[in-house]
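Per-entry structural report
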Amino acid sequence: MSLRNEPLEWQSNTQDAYVPIYHKGNLVGFFKQEYANEVIQFLNEDEVLKKALKRSCADLLKATGKDINLVNSLIRKYIQVSERPKHGTRAIALLLKERQTELDLSDSEFTKFCDTFKISPTELNSIYAGEAFDDRLLLPLTRILGITKERLLEVRDGSVEDNKI
């Protein structure tokens, strides 16, 4: 502050210091010190996991006698299968599993619970298998999951943003 209690035009705040982050010797950005170590640790662990996945896919291809050049496509396949589904019946099946966990119910208890809402065990197993389901199950599913019909349709069919490509 100046003598007249007016703010100075140029100031610095040493508490907001940023530190440089390097990847293989190249500067890639700056982080506040409080986050830098955690970000670096996460990124290094990510690199190790990527290398482990690549090696395990290569070993699998070698063991099955397949072309080792298929490693990257096999990695993409495993990543796609491992990602949380954003929409479709698989996404609804995941929401049902999460709801079961929230309610702390066993598989048989949850099946009975769903049956009281007019979703038979066969229909529930079909959803878990990723099969398309009839629209008449929308209302019971909204009650079981505790979400609106609009939200359920968004999950099943994908949001407008998901369909813009």
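One structure accompanies this document, and this report is about it. (Residues numbered from 1 in each chain as written. Predicted model: local features only at pLDDT ≥ 70, side-chain atom pairs only at ≥ 80, totals over all residues. Heavy atoms only, no water.)

A word on the nonpolar core. Of all hydrophobic cores here, the largest spans 17 residues; its most connected members are I92, L96, I119, I127, F133 and L141. For this core, the secondary structure elements donating two or more residues are helix 3 (89–103), helix 4 (107–116), helix 5 (121–128), helix 6 (138–145) and helix 7 (149–157). Judged by nonpolar contacts, the second largest core, of 6 residues, contains C57, L61, V71 and L74. (Core = buried A, V, L, I, M, F, W, Y, C linked by side-chain atoms within 4.5 Å. Buried < 20%, exposed > 50% of the residue type's maximum accessible area, 1.4 Å probe, protein only. Helix = DSSP H or I, 4+ residues; strand = E, 2+ residues; numbered from the N terminus.)

With that out of the way, let us pick up the packing of aromatic side chains. Counting across every chain of the model gives 2 aromatic pairs. With 5.0 Å between their ring centres and 65 degrees between their planes, F113 and F117 make a pair best called edge-to-face. Here the basic side chain of K97 rests over the ring of Y128, its NZ or CZ set 4.9 Å away from the ring centre. (Phe/Tyr/Trp six-rings, centres within 6.5 Å; stacked < 30°, edge-to-face > 60°. Lys NZ or Arg CZ within 6 Å of the ring centre and 35° of its normal.)

The next thing to look at is the pairing of strand 2 (residues 26–32). Consecutive side chains along a regular strand alternate between the two faces of the sheet. By the bridge criterion, 6 bridges tie strand 1 (residues 18–23) to strand 2 in an arrangement that is antiparallel. Residue pairing across strands places Y22 opposite L27, the latter belonging to strand 2. Counting the residues in the hairpin turn of strand 1 and strand 2 gives 2 residues, including K24, whose phi is positive at 50 degrees. (Pairing = 2+ DSSP bridges.)

Another aspect to go through is the packing of helix 6 against helix 7. Running from N to C, helix 6 and helix 7 point in directions that differ by 105 degrees, and their axes come no closer than 9 Å. With respect to their mutual orientation, helix 6 and helix 7 come out roughly perpendicular. Along its contact with helix 6, which presents L138, L141, T142 and L145, the element helix 7 presents K149, L152, L153 and R156. Across the contact of helix 6 with helix 7, the residue classes break down as 5 nonpolar, 1 polar and 2 charged. (Axes fitted to C-alpha atoms, helices over the stretch in contact; angles between N-to-C directions. Parallel < 35°, antiparallel > 145°, perpendicular 65-115°, else oblique. Contact = heavy atoms within 4.5 Å. Nonpolar A, V, L, I, M, F, W, Y, C, P; charged D, E, K, R; others polar.)

Our next topic: the pattern of salt bridges. Inspection of every chain in the model, using the stated rule, returns 9 salt bridges. K97 is paired through a salt bridge with D107; the nearest N and O atoms lie 3.7 Å apart. Of this pair, K97 sits in helix 3 while D107 sits in helix 4, and the two are 10 residues apart along the sequence. The salt bridge partner of R156 is D135, with a shortest N-O separation of 2.5 Å. Taken as a pair, R156 in helix 7 and D135 in the loop between helix 5 and helix 6 lie far apart in primary sequence, 21 residues in all. Classification of R156 by relative accessible area gives buried; the value is 18%. Using a relative accessible area of 47% as the deciding quantity, one classes D135 as partly exposed. Overlapping salt bridges, with partners in common, bring together E123, D134 and R136 in one network. (Salt bridge = Lys/Arg side-chain N within 4 Å of Asp/Glu carboxyl O.)

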